[in-house]
Amino acid sequence: MRKLQIAYSPCPNDTFVFDAWAHGRVPGAPRIDVTFADIDLTNGWAEGGTSEHDVLKVSYAVLPWVLDEYALLPCGGALGRGCGPLVLTLPPSRLRSGGGTSMGEVDLTGKTVAVPSERSTAYLLFRLWAADVVPGGVGNVVVMPFHEIMPAVRDGKVDAGLVIHEARFTYQNYGLHALADMGAHWEDTTGLPIPLGAIIARRSLGPDMLRRLAEAARTSVRMAWDDPVASRPYVLEHAQEMDPKVADQHIGLYVNEFTADLGEAGYAAVRGLLTRAAAEGLVPPLGPDALAFP
């Protein structure tokens, strides 16, 4: 059988999860060729129908547009607690008068906010948060590359920025202030984990292959937990000069029991996010069996 084509990000959580499978150490797993791509690319490939890949890591936010062609695998992705996106601003003390509230915080009503993508879970969580806590609504949302967001906030080019992943650990280096934690708001209002990245596979592969793919992903992450040293060269090779300690923090946040199996709480989180987002007009509504796995 031909090698299957899989695309995931070079982020430490993905390389940690897929190391054993990518290097042929998962017994009986289908052979794969790996393409590294940031999630905004894989989202576009899945949604646009332009991808030649059989398996993709995408944002949960893109699922309503792609589930006719792709099935959600029940493992391999990223959900968690205490790992949500942040909205960053300059510290209140550095803002011009009138930029804050009576609590000394920043009011985003009518302000410009930079986001890394409008097809991301981070963006959905931001919009749901803003609907609850920004009475007048934010003014203008601009999309810019992730690595440009914190410098843009620092330099006053935008009023706030939505950031993800390792920025949770590095934003202080830019002299920035965490205005709000989107994940904390989600957990406080729903009690559910935060759905971030999903693994999807083409339905045309058939139920038997989809189940083999899920088992391979599940085994690969368990092998990484059993022997984390084995994955370290692969993780650091693709970590884009990330400090090894930050890479370890990254893995600790985004690889957890939901990576091995979504389970009841994981599926409830995914459906809850997409149902709420549909109610706000942010995504199309899900069908009743859209998330079902063969």
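Residues numbered from 1 in each chain as written. Predicted model: local features only at pLDDT ≥ 70, side-chain atom pairs only at ≥ 80, totals over all residues. Heavy atoms only, no water.

Caption draft 1: Spatial organisation of helix 9 (residues 228-237). Within helix 9 the residues assigned to the buried category are Ser-231, Tyr-234 and Val-235. All buried residues of helix 9 project into a common sector of 100° when viewed along the axis, lining one side. In helix 9, those exposed residues whose orientation departs by more than 90 degrees from the buried face are Val-229, Pro-233 and Glu-237. For helix 9, the secondary structure elements touched by its buried residues are strand 1 (4-8), helix 1 (12-22), strand 2 (32-36) and helix 10 (244-254). (Buried < 20%, exposed > 50% of the residue type's maximum accessible area, 1.4 Å probe, protein only. Helix = DSSP H or I, 4+ residues; strand = E, 2+ residues; numbered from the N terminus. Arc of directions from axis to C-beta. Contact = heavy atoms within 4.5 Å.)

Caption draft 2: Molecular detail of the pattern of salt bridges. One pass over the full model with this rule turns up 11 salt bridges. Its salt-bridge partner being Asp-19, residue Arg-25 comes within 2.4 Å of it at the nearest N-O pair. A residue is classified by how much of its surface remains accessible, and Arg-25, at 36% relative accessible area, is partly exposed. Asp-208 is the salt-bridge partner of Arg-211, the closest N and O atoms lying 2.6 Å from each other. Taken together, the residues span about one helical turn, with Arg-211 and Asp-208 both in helix 8 (residues 207-226) at a distance of 3 residues. Accessibility expressed as a relative area gives 38% for Arg-211, which makes it partly exposed. On the basis of relative accessibility, which here comes to 55%, the residue Asp-208 falls in the exposed class. (Salt bridge = Lys/Arg side-chain N within 4 Å of Asp/Glu carboxyl O.)

Caption draft 3: Local environment of the confidence of the model for the protein chain. In this model, the protein chain carries an average pLDDT of 91, and 95% of its residues clear a pLDDT of 70 or more. Ranking the elements of the protein chain by mean pLDDT puts helix 6 (residues 167-170) last, at 80, and helix 8 first, at 98. Scored below 50 in pLDDT, residues 97-104 makes 9 contacts in the model with residues more than four places away or belonging to other chains. (pLDDT = per-residue confidence, 0-100.)

Caption draft 4: Examining the nonpolar core more closely. If you look at the biggest cluster of nonpolar residues, it comprises 54 residues, and the most contacted ones within it are Leu-63, Val-87 and Trp-129. Those residues in contact with Trp-129, other than ones at most four positions away along the chain, are Val-87, Leu-108, Val-134, Leu-179, Ala-180, Met-182 and His-185. Formed by 34 residues, the second largest nonpolar core is a distinct cluster that contains Ala-29, Ala-71, Ala-214 and Ala-216. (Core = buried A, V, L, I, M, F, W, Y, C linked by side-chain atoms within 4.5 Å.)

Caption draft 5: Inspection of helix 2 (residues 39-48) at higher detail. Thr-42, Asn-43 and Ala-46 are the residues of helix 2 that are buried. Viewed end-on, helix 2 has its buried residues packed into an arc of 105°, placing them on one side of the element. Contacts made by the buried residues of helix 2 are with strand 1, strand 3 (55-59), helix 3 (63-66), strand 4 (70-72) and strand 11 (194-202). Directly beyond the C-terminal end of helix 2, a positive phi value near 70° is found at Gly-49.

Caption draft 6: Structural view of the environment of Pro-74. For Pro-74, the location among the structural elements is in the loop between strand 4 and strand 5 (78-80). Using a relative accessible area of 8% as the deciding quantity, one classes Pro-74 as buried. For the pair Pro-74 and Gly-24, spaced 50 residues apart in the sequence, the C-alpha separation amounts to 21 Å.

Caption draft 7: Region of the structure containing the packing of aromatic side chains. Taken as a whole, this structure holds 5 aromatic pairs when the rule is applied. With a centroid separation of 5.6 Å and 90° between ring planes, the pair formed by Tyr-8 and Phe-36 is classed as edge-to-face. Pair noted here: Tyr-8 is in strand 1 and Phe-36 is in strand 2, with a separation of 28 residues, a long-range link. Owing to a relative accessible area of 1%, Tyr-8 belongs among the buried residues under this scheme. A relative accessible area of 30% means that Phe-36 is categorised as partly exposed. A ring pair is formed by Phe-36 and Tyr-234, whose centres lie 6.1 Å apart and whose planes are at 55°; its orientation type is tilted. (Phe/Tyr/Trp six-rings, centres within 6.5 Å; stacked < 30°, edge-to-face > 60°.)

Caption draft 8: Structural detail: the environment of Lys-157. Its location among the elements puts Lys-157 in the loop between helix 5 (146-154) and strand 9 (160-163). Between the C-alpha atoms of Lys-157 and Pro-116, which are 41 residues apart in sequence, the distance is 15 Å.

Caption draft 9: Structural detail: the sheet that holds strand 10 (residues 177-181). In spatial order, the strands read 8-7-9-6-10; together these 5 strands make up an open sheet with mixed pairing. Both edges of this open sheet fall to strand 8 (140-143) and strand 10, since each of them pairs with a single strand only. Averaged over all adjacent pairs, the angle separating strand axes in this sheet is 30°, with direction ignored. Across 2 bridges, the pairing between strand 7 (residues 112-115) and strand 9 is parallel. (Pairing = 2+ DSSP bridges. Axes fitted to C-alpha atoms, helices over the stretch in contact; angles between N-to-C directions.)

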